[in-house]
Amino acid sequence: MVKGLGSVGWRSFFVQAAKNYRSMLGMGYAFSELPLHKKLDPAEAKPVLEESAEFFNTMPYFVPLTVGMTARARQNGMTEDQVRGIKNTVLGPFGALGDAFYWATLKPAAAMLGVLFALLISPLAGVIALLALFNLFHLPLRLCGAYLGYNLFTKVPGILERLKPYKIIAFLQLLIGISLGLTAVGILGNFAFAGEHISFATGLGAGIALGVVGSLIRLPLWTMWFAMLAFAIGISLLL
Amino acid sequence: MSDYLWMTLIAASLGGLLALDTVVAGQFFLSSPLVSCTILGWALGNPLLGAMIGVVLTLPWLGTLPVGGYTPPDSPTAALAVTLGAMLATSAHLQAFPPALVAIALLPAPFLATSAGFADHFIYHRNEISVAKAETELSNGNLCAPARATLKGLVHSYIKGFLLIAVGGWLAFGLVELVYAVLGDLSRYLGWVYYAWLGLGIGIVIASFRGWRVPVALTGGLAAGAGWVLLTGSALW
């Protein structure tokens, strides 16, 4: 086992700190990988870190996994060119999987659940639900990713496929839809029972309609924002 | 020092830290407006007002993804600035109707988010210089260079968050003051706008999903909620 794998996890939390348009996450990758090379002779570590700091861009949560895989590759005696080949091979699939799972699905699902709980129970419950759902799926991967990548090495793609992420995505999409429906009914129902706030329910309904139509015809957010403001002020003056 | 200045300092210092979570440090979703605005609201003495802002601003930007080299609008920084503005306004107008006050404070949110996104662009370009320097240091055998470049990036982003939250907060506060001065009691009717923007966010999330699953589940959620209301004769909350 290579020494330093344990610190890759927390270091990867800062992988985007030096993000830039030239090498993207390259310098952050080198920062995450640094503890693996501390025991090496500086002359030996220098070319490795120079290679690490080159262009690298993938979903940040998969960085520890990649670091573990490249550490194993180096231990197996692969050349820096071969290590670079491994990095270039995984960055595309990891990026695509990570973006589809974490950004496009888990983030909206956690946010919708948080909003629903904040409205239904309390703001604190909303905050806890949001953080619990989101962090449950990425913290283990980030904290143990380097060990997983090191131990599983070439088996990583197969195992990721066997985890069937698309099935979790499908489940989370259902969660988003149900949360959205319950949120809308909850707010409307609350207005209806409160009686005097029925005009607010109209505002909510009009907002939903404009949000759906505006997004479908790709209106910029600020246009919808100010259109909604003008509509609401106009109706308020009429009422 | 006046209370307003203290509030600004607390909000900008704490908000700057929370905003780091968006991209540069952690990404635990602490920077989600629902979480960060509630925390900031709690720090400034009104978590409920923070949550009201967080709920509205969590939704509209959910569909914009930081994929590849794309830098999306920085909604967390905007949300924190708006929260500061609303908190300052609450101190000035204690009798104000909260949804109306929040609605006015929310007005500059898209502008602030876009401005903060441009500031991110600037920082990424600035980072190119420090990273190039770090690469030179690495090739000279200085193994601490990646850590130094990382720290510099963190400091740049913190300064960005600090300044934008302070300036944006006062912009939102100024708007509330202006609207209250012009409209007086009529500003109460702006409570409408708060719920309209909440609806707008829900609509944007609905439209950002393709395929059958979300619409079917949405219909199920609507039916379940309506069933609850009809069977129990009471609202969901």
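What comes next concerns the included structure. Note that the coordinates shown come from a computational prediction; the quantities given were computed from them, not determined experimentally.

### Regarding the overall build of chain A
Across its full length, chain A carries 10 helices and zero strands. In sequence order, chain A lays out its α and β elements as α-α-α-α-α-α-α-α-α-α. For 239 residues, the compact-globule formula gives about 18 Å, and the C-alpha radius of gyration of chain A, at 24 Å, lies well above that figure. In terms of overall dimensions, chain A has C-alpha extents of about 75 × 30 × 30 Å along its principal axes. Of all 239 residues assigned to chain A, the portion counted as buried reaches 50%. Long-range pairs, those at least 24 residues apart, make up 67% of the contacts in chain A between residues at least 6 apart in sequence.

### Remarks on helix α7 (residues 145–183) of chain B
The terminal C-alpha atoms of α7(B), which comprises 39 residues, lie 56 Å apart, in line with the 57 Å expected from a rise of 1.5 Å per residue. Residue Gly184(B) follows α7(B) closely and has a positive phi angle near 60 degrees.

### Observations concerning the nonpolar core
Counting residues in each nonpolar core, the largest one holds 155 residues, and the members touching the most others are Leu130(A) and Ile53(B). Looking at which element gives the most residues to this core, the answer is helix α5 (residues 80–120) of chain A, with 17 residues.

### A short note on the packing of helix α2 (residues 33–43) of chain B against helix α4 (residues 75–92) of chain B
Residues and elements named next belong to chain B. The contact between α2 and α4 brings their axes to 9 Å, and the two run at 30 degrees. When the axes of α2 and α4 are compared, the pair comes out roughly parallel. The two elements α2 and α4 cross, and the hand of that crossing is right-handed. On α4, the residues touching Pro33, Ser36, Cys37, Leu40 and Gly41 of α2 are Ser75, Pro76, Ala79, Leu80 and Thr83. Split by residue class, the contact of α2 with α4 holds six nonpolar, four polar and no charged.

### Brief notes about the interface of chain B and chain A
Taken together, the 80 residues of chain B in the interface contact 82 residues of chain A. Secondary structure elements with two or more residues in the side of chain B that touches chain A: α2, α3 (47–58), α6 (109–139), α7, α8 (191–207) and α9 (213–232) of chain B. In terms of residues, the side of chain B that touches chain A owes the most to one element, α8(B), which gives 16 residues. Looking at the side of chain B that touches chain A, its residues break down into 54 nonpolar, 23 polar and three charged.

### A word on the environment of Trp170(B)
Relative to the elements of secondary structure, Trp170(B) occurs in helix α7. Residues Trp170(B) and Ser36(B), spaced 134 residues apart in sequence, show a C-alpha to C-alpha distance of 18 Å.

### A look at α9(B)
Residue and element names in this part refer to chain B. Helix length check: α9 (20 residues) gives 28 Å between terminal C-alpha atoms against 28 Å at 1.5 Å per residue, within 8%. Three or more residues of α9 are buried, namely Val214, Ala217, Leu218, Gly221 and Gly225. Down the axis of α9, the buried side of the element spans an arc of 110 degrees, and every buried residue falls inside it. Facing away from the buried side of α9 by over 90 degrees, the exposed positions are Ala223, Gly227, Leu230 and Leu231.

Quick notes on the rules
- Residues numbered from 1 in each chain as written.
- Chains lettered and ligands numbered in written order.
- Predicted model: local features only at pLDDT ≥ 70, side-chain atom pairs only at ≥ 80, totals over all residues.
- Helix = DSSP H or I, 4+ residues; strand = E, 2+ residues; numbered from the N terminus.
- Rg over C-alpha atoms; globule rule 2.2 N^0.38 Å.
- Buried ≥ 20, exposed ≤ 12 C-beta atoms within 10 Å, placed from the backbone.
- Contact = placed C-beta atoms within 7 Å.
- Expected span 1.5 Å × (residues − 1).
- Core = buried A, V, L, I, M, F, W, Y, C linked by C-beta atoms within 7 Å.
- Axes fitted to C-alpha atoms, helices over the stretch in contact; angles between N-to-C directions.
- Parallel < 35°, antiparallel > 145°, perpendicular 65-115°, else oblique.
- Left-handed = near helix turned anticlockwise from the far one by under 90°.
- Nonpolar A, V, L, I, M, F, W, Y, C, P; charged D, E, K, R; others polar.
- Arc of directions from axis to C-beta.

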